[in-house]
Amino acid sequence: MDILITGLLLGGTYALIAMGLNLQYGMARIMNLANGEFLVAGGFAAFWFYTAGQVSPLLTIFTVAPLAFLLNWLVYVVMLRPLVKRAKSHGQLEVDAILTTFGLAFVSVGIMLALFGGDYFSYSYLARPITLIGDTYALNRVTAAVAAVIICGGLWLWLNRTRAGMSIRAIAVDPKSARLVGIDVPKLSALAFALGGAVTAVGGALISTFLTLDASTGVMFTLKALVIVIMGGVGDVRGTIVAALLLGILETFVATLIDPGLTLAAAYLLFVLILLFRPQGLFGRRTI
Amino acid sequence: MTLTKRDWQSITLSAVLLAVAACLPLTGDAYMLSIGITIAMYAVLATSWALFSGPTHYISLATAAFFGLGTYTTAIGIENGLNYWVTLPVAAILGAVLAALVGLATLRLSGVYFVIFTLGLAELVRQVVTWGQNISGQKGLYILTDITEVHIYWQLLVLAAIVYLTGWAIGRSRLGFALRIIGDDEEVARHSGINTSRAKILLFMVSGATAAVVGSMLAPRYIYIEPALAFTPMLSFLVVIMALLGGTGRLWGPLVGVIPFTLLWEAISSSFPNQTTLLLGLSFLVIVYLLPRGFVGLIESGKRKMREREAFA
């Protein structure tokens, strides 16, 4: 029971991060391997605001989100759009995008190392116990999960109820046909990419309240988010949330009962099972 | 198989170059030798990487996983009384098996899954090895052999020769032809009756086995190994950069990238050790935006321009 709830709390935050990546990969069609670095940057911002000015991370996200949005939008327009234009095929774009965002990831790590050094960063925010259904949990984990749920819910409403959200989903389904019904694909792809980056950075700010981050942990989060997105089905919001919760539970389970050093191995186990049995995602339909 | 005059020329040229390279230890300069080993190691790794990733465009980030597997095979083998020379083929087999497993899980699907999977593979194996050591209460392993740097260097050169010959043979075989079609258009390849998964997995196995053997050859150089050292993810990224920087369109392409990049890397990591990640990132960006076909592409378009100019004159 204890494991289940801790897992769900962790999974809630994972859902937010994976949602960001899903917006970028599923909707804007860019496999962003620098995603985790934006998460760490968001975490660093929260750390910095908290230690320098005692600003609550829950308020910091309102600064982090627009900044990350702007930065990701710039990355898309300046660096990725030329690649989209240059690519002769989808496969070519995929290879280019992977190499570029990978390069970007290393550059960001390099810059963060230069700015903050290679130390671990953690601060104590809301590190109080809270009792839920007879067991005690850390308040910061609960707060982060609740905030993640609120943001995920908002995103879901936006994607399903507004015109821009629906257009973005149309692009996710078929970019070519989306153009035929008058959707401005380049503009909305940039929007989806930027929004995805903002969501990830917010997730980073929330996660930094209870996890210790250092400049080079980004890639681990990228991997986990990728596993979640693929498990949930690319472009599928509901699948992403379910997959994130599953991964959160499995990871907590492995970390408590076997060894905390095996969390990635746990994520990979899920990944392999999905690839072997349901490569189209949990709720996806088979297209090939 | 008939060899044309051009084939003989390139074989002779390669043999001469290899013989010259083999003379490097005779200079007696320890620093030169150590750089030579690093270059030979990356040359083998990058070339075998390009054998698979060049024609198929599947970017493998798993070199470190295979390398570490090889290192550990040799270390554990020697500790349990095996002869060093026996551990090399064992490492090759294990590398091929691991590659086959990864290939079976991911190569049937689109390229992205493969990239993601290989990205975490080294970390995964590292976590499992660390966990295994935690259980058995061991921290690292000592590798004590009478193999010196010169031996390692020569072994790597022999391996390089084998890799080049294999690559050359594959390029002329049905398998190589099939891979080039897969790289151009996988759909077309499937429709013309090529078993695409089998071809990709086979070549990935060659690549994985080679990286594992390199790992075991270098094991005696480390003397003491622990998971973080043997499975350093940096190795995978460096191999990708060097191969792409040189260009994967030609068999000798990666070598053209390996030599300058190794020297640059050595220089940067000795004088600005904190900026290596930045350099790594910038290299990726340079490759995508400035050198999409690597140095080979640069050389070949230069040649074409020369020829055109001659035609006009």
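About the cut-offs
Residues numbered from 1 in each chain as written. Chains lettered and ligands numbered in written order. Predicted model: local features only at pLDDT ≥ 70, side-chain atom pairs only at ≥ 80, totals over all residues. Helix = DSSP H or I, 4+ residues; strand = E, 2+ residues; numbered from the N terminus. Rg over C-alpha atoms; globule rule 2.2 N^0.38 Å. Buried ≥ 20, exposed ≤ 12 C-beta atoms within 10 Å, placed from the backbone. Contact = placed C-beta atoms within 7 Å. Expected span 1.5 Å × (residues − 1). Nonpolar A, V, L, I, M, F, W, Y, C, P; charged D, E, K, R; others polar. Core = buried A, V, L, I, M, F, W, Y, C linked by C-beta atoms within 7 Å. Axes fitted to C-alpha atoms, helices over the stretch in contact; angles between N-to-C directions. Parallel < 35°, antiparallel > 145°, perpendicular 65-115°, else oblique. Left-handed = near helix turned anticlockwise from the far one by under 90°. pLDDT = per-residue confidence, 0-100.

Attention shifts here to the overall build of chain A. The helix and strand inventory of chain A stands at 11 helices and 2 strands. Ordering the α and β elements of chain A from the N terminus gives α-α-α-α-β-β-α-α-α-α-α-α-α. Since a compact globule built from 288 residues should have a radius of gyration of about 19 Å, the 18 Å found for chain A is in line with a globular shape. With the principal axes as the frame, chain A shows a C-alpha extent of 55 × 40 × 35 Å. Scored against the burial criterion, the 288 residues of chain A give a buried share of 53%. Partitioning the intrachain contacts of chain A with sequence separation of at least 6 by distance along the chain shows that 77% fall at a separation of at least 24.

Turning our eyes to something else, we now look at the overall build of chain B. Secondary structure assignment for chain B yields 14 helices and 2 strands. Here chain B has a C-alpha radius of gyration of 20 Å; the compact-globule value for 313 residues is 20 Å, and the two agree. Taking the principal axes of its C-alpha atoms as reference, chain B extends roughly 70 × 50 × 45 Å. Put simply, 78% of the contacts in chain B that link residues at least 6 apart link residues at least 24 apart.

As a further point, take helix 11 (residues 263-277) of chain A. End to end, helix 11 of chain A covers 22 Å across 15 residues, agreeing with the expected 21 Å (1.5 Å per residue, within 8%). Among the residues of helix 11 of chain A, Thr263(A), Leu264(A), Ala265(A), Ala266(A), Ala267(A), Tyr268(A), Phe271(A), Ile274(A) and Leu275(A) are the ones counted as buried.

Put simply, an interface is often sized by how much accessible area is lost when its parts join up. Of the residues lining the interface, 33 residues belong to chain A; the matching set on chain B comes to 31 residues. Elements that contribute at least two residues to the side of chain A that touches chain B include exactly helix 4 (90-116), helix 9 (218-232) and helix 11 of chain A. Per-element accounting of the side of chain A that touches chain B gives the leading share, 18 residues, to helix 4 of chain A. A class-by-class count of the residues in the side of chain A that touches chain B yields 25 nonpolar, 5 polar and 3 charged.

Our next topic: unusual backbone geometry. Even without being a glycine, His57(B) presents a positive backbone phi close to 65°. Positionally, His57(B) belongs in the loop between helix 2 (30-56) and helix 3 (63-79).

Grouped burial of nonpolar side chains is what soluble globular proteins tend to show. Residue and element names in this part refer to chain B. If you look at the biggest cluster of nonpolar residues, it comprises 198 residues, and the most contacted ones within it are Leu156 and Ile241. A per-element tally of this core places helix 9 (residues 196-222) first, with 15 residues. If we skip the residues at most four places from it in the chain, Leu156 touches Ile37, Ala40, Met41, Val44 and Met217.

Turning our attention to the packing of helix 2 (residues 35-53) of chain A against helix 3 (residues 57-86) of chain A. Residues and elements named next belong to chain A. Running from N to C, helix 2 and helix 3 point in directions that differ by 135°, and their axes come no closer than 9 Å. As judged from the angle between their axes, helix 2 and helix 3 are oblique. Our pair here, helix 2 against helix 3, has a crossing hand that is right-handed. Facing Phe38, Gly42, Ala45, Ala46, Phe49 and Tyr50 of helix 2, the residues of helix 3 in contact are Pro57, Thr60, Val64 and Ala68. Taken together, the residues that form the contact of helix 2 with helix 3 break down as 8 nonpolar, 2 polar and no charged.

So, about the confidence of the model for chain B. For chain B, mean pLDDT is 85; residues scoring 70 or higher make up 98% of the total. Interface confidence for the predicted complex, given as ipTM, is 0.81, next to a pTM of 0.86.

Let's shift gears to helix 9 of chain A. All names here are of chain A. A rise of 1.5 Å per residue sets the reference length of helix 9, with its 15 residues, at 21 Å; its end C-alpha atoms lie 21 Å apart and thus fit the reference within 8%. In terms of residue burial, helix 9 counts as a mostly covered element, since 14 of its 15 residues are buried. At the C-terminal side of helix 9, Gly233 shows a positive phi close to 100°.

All names here are of chain A. Running from N to C, helix 3 and helix 4 point in directions that differ by 150°, and their axes come no closer than 9 Å. With respect to each other, helix 3 and helix 4 are oriented roughly antiparallel. The way helix 3 lies across helix 4 gives a crossing that is right-handed. For the pair helix 3 and helix 4, the contacting residues are Val75, Met79, Leu80, Leu83 and Val84 in the first and Leu93, Asp96, Ala97, Thr100 and Leu104 in the second. Classifying every residue of the contact of helix 3 with helix 4 gives 8 nonpolar, 1 polar and 1 charged.

Attention now moves to the environment of Arg169(A). Residues and elements named next belong to chain A. Among the structural elements, Arg169 can be located in helix 6 (residues 163-173). Given 18 C-beta atoms within 10 Å, Arg169 falls into the partly exposed group. Sequence separation between Arg169 and Gly182 is 13 residues; the distance between their C-alpha atoms is 14 Å.

All names here are of chain B. With respect to the secondary-structure elements, Arg304 resides in helix 14 (residues 294-312). On the basis of neighbour counts, which here come to 10 C-beta atoms within 10 Å, the residue Arg304 falls in the exposed class. Measuring from C-alpha to C-alpha, the distance between Arg304 and Gln138 comes to 59 Å, with 166 residues separating the pair along the chain.

Take the environment of Ile39(B) next. All names here are of chain B. Inspection of the secondary structure puts Ile39 in helix 2. What makes Ile39 buried here is the crowd of 22 C-beta atoms within 10 Å. With 221 residues separating them along the chain, Ile39 and Pro260 place their C-alpha atoms 9.4 Å apart. With residues near it in sequence (within four places) discarded, Ile39 still touches Val258, Ile259 and Thr262.

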